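# Structural overview for review
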Amino acid sequence: MRRKNDSFIDHLERYFNSYLPTAKGLSKATIVSYKTTFRLLMEYLYTVDNITSDSISFDTLDDKRITDFLNWLETERKCGIATRNQRLSAIAAFSIYVQNRDLTAAKFRNNVLKVPKKKAPRQGRSSFTREEIKILLSLPVSGTEIGSRDKTLLCFMYASGTRAQEVCDLMVGDIQFYPDRASINIHGKGQKMRRIGIPMEAASILHKYIEHRGILDEADRHVFSSQTHEKMSVSCIEEIYAKYIAKAKLQYPDMFRDNYTPHSMRHTTATHMLDAGVPIIVVKNFLGHVSLQTTQIYTEITQDTMNRQLKSWNDKWFLKDDGNGRQDSANKIIPDFLR
């Protein structure tokens, strides 16, 4: 039975504090992204329509206002179509949750369904050529602490096809070394774990690095650390890639033409595996894809390996502080549970 104080904000707070982390078991990164959507929505409602967060109701969010919000993201926030569609998906997910818990939310759900996703131009995915991979892995100076770490990290990501967050979460206890390979437990999206193997050469580099750090027998230590934290962050990995790709572009101006990201290495692993004749179902399980359809994207890449210079992703998943003094106003209009 609906309680008297079950307002839009009440439902939203329980959605983020209980339903997503407990009932759904979503990752912290996914929940942060969903929260970003509703922070932006509340910023829009306040700045454009002078509607405060505590006065938002399900009637407030009709299909026109939702569409206007998405248009605002593109025009004012300079978000791309992919990000626009991600924000709509986050709102739609909440509408599904709340329609089963509050009869007054049924209209809200119908309004969300009236808003279509915007069709984006079909784009390819950036990946490194084999020659670019050789160059990239040769750039870190192995004789230094940072260089040794970076070389191991780049080599491991190419050998394993792991996501940046999965690399950050990797613990010494997740790895078992054998004479001819290493077997690794990867903690993927949605707290799902998969077990993969990497070849002897990559395993040897990884073993030597862990041994050099003196943590080979410390199962609860993170494999990769930053200069300031025991556990490396995704932003640190992004900086490492930016550093070496910038060096590579200076030394090889006719190569490295795409705006590569750490995720480009995952695309590269998949592309090179398929080029080598590895069955697509094996690649699917190796990468931890839920659907084979996701893996099939890479089959399209391999058909055009001579023309890889595609437009790279220009949208970021997380909201960044733009430094325009929005923090003070945000403190007034954004509920604490969304921060």
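Notes on the structure follow. These figures come from a predicted structure and were not determined experimentally.

Further remarks concern a nonpolar patch on the surface. A surface patch of nonpolar side chains, amounting to about 220 Å² of accessible area, comprises Ile-281, Val-282 and Leu-292. The topology assignment puts Ile-281 in helix H12 (residues 280–287). For Ile-281, a relative accessible area of 43% gives the class partly exposed.

Glancing now at the sheet that holds strand S1 (residues 175–178). The 3 strands are arranged S1-S2-S3 in an open sheet whose pairing can be described as antiparallel. Only two strands of the sheet have a single partner each, and these edge strands are S1 and strand S3 (193–199). Within the sheet, the average angular offset between the axes of one strand and its neighbour, ignoring direction, is 20°. With 4 bridges joining them, S1 and strand S2 (residues 181–187) adopt antiparallel strand pairing.

To continue, consider the packing of aromatic side chains. Summed over all chains, the structure comprises 22 aromatic pairs. On the numbers, 4.7 Å between centres and 45° between planes, the contact of Tyr-19 with Tyr-97 is tilted. In this pair, Tyr-19 sits in helix H1 (residues 8–24) while Tyr-97 sits in helix H4 (residues 81–99), placing the two residues 78 residues apart along the sequence. Taking 4.2 Å as the distance between ring centres and 25° as the angle between the ring planes, the aromatic pair formed by Phe-128 and Tyr-260 counts as stacked. Highlighted residues: Phe-128 in the loop between helix H5 (106–113) and helix H6 (130–138) and Tyr-260 in the loop between helix H10 (234–251) and helix H11 (262–275), separated in sequence by 132 residues.

What follows deals with the environment of Leu-41. Along the chain, the position of Leu-41 falls in helix H2 (residues 28–49). Spatially, the C-alpha atoms of Leu-41 and Leu-73 are 9.3 Å apart, while their sequence positions differ by 32 residues. Residues within four places of Leu-41 in sequence aside, it is in contact with Leu-61 and Phe-69.

It is worth spelling out the nonpolar core at this point. By size, the foremost hydrophobic cluster in this structure holds 48 residues, and its most contacted members are Leu-153 and Phe-224. No other element matches H10, which puts 7 residues into this core. Core analysis: the next-biggest nonpolar cluster, separate from the first, contains 39 residues, Leu-45, Ile-66, Leu-70 and Leu-338 among them.

This part takes up the side chain of Thr-152. Tracing the chain through its elements places Thr-152 in helix H7 (residues 145–160). You can call Thr-152 buried: its relative accessible area is 3%. For Thr-152, the residues in contact, after removing those within four places along its chain, are Ile-205, Leu-206, Tyr-209 and Phe-224.

The next subject is unusual backbone geometry. Unlike most non-glycine residues, Asn-50 shows phi in positive territory, near 55°. Mapped onto the fold, Asn-50 is located in the loop between H2 and helix H3 (63–75). Under the relative-accessibility criterion, Asn-50 is labelled exposed at 60%. The phi torsion at Lys-78 lies on the positive side, around 60°, for a residue other than glycine. Checked against the element boundaries, Lys-78 lands in the loop between H3 and H4.

Moving on: the pairing of S2. By the criterion of burial, S2 is predominantly enclosed, with 5 of the 7 residues buried. With antiparallel pairing between neighbouring strands as the criterion, S1 and S2 make up a hairpin whose turn holds 2 residues. Note that S2 and S3 share 7 bridges and pair antiparallel. Residue pairing across strands places Ile-184 opposite Ile-196, the latter belonging to S3.

Conventions used here
- Residues numbered from 1 in each chain as written.
- Predicted model: local features only at pLDDT ≥ 70, side-chain atom pairs only at ≥ 80, totals over all residues.
- Heavy atoms only, no water.
- Patch = residues over 30% accessible without salt bridge, like charges linked within 9 Å, V, L, I, M, F, W, Y side chains within 5 Å.
- Areas by Shrake-Rupley, 256 points an atom, 1.4 Å probe, with all protein chains shown as cover.
- Salt bridge = Lys/Arg side-chain N within 4 Å of Asp/Glu carboxyl O.
- Helix = DSSP H or I, 4+ residues; strand = E, 2+ residues; numbered from the N terminus.
- Buried < 20%, exposed > 50% of the residue type's maximum accessible area, 1.4 Å probe, protein only.
- Pairing = 2+ DSSP bridges.
- Axes fitted to C-alpha atoms, helices over the stretch in contact; angles between N-to-C directions.
- Phe/Tyr/Trp six-rings, centres within 6.5 Å; stacked < 30°, edge-to-face > 60°.
- Contact = heavy atoms within 4.5 Å.
- Core = buried A, V, L, I, M, F, W, Y, C linked by side-chain atoms within 4.5 Å.

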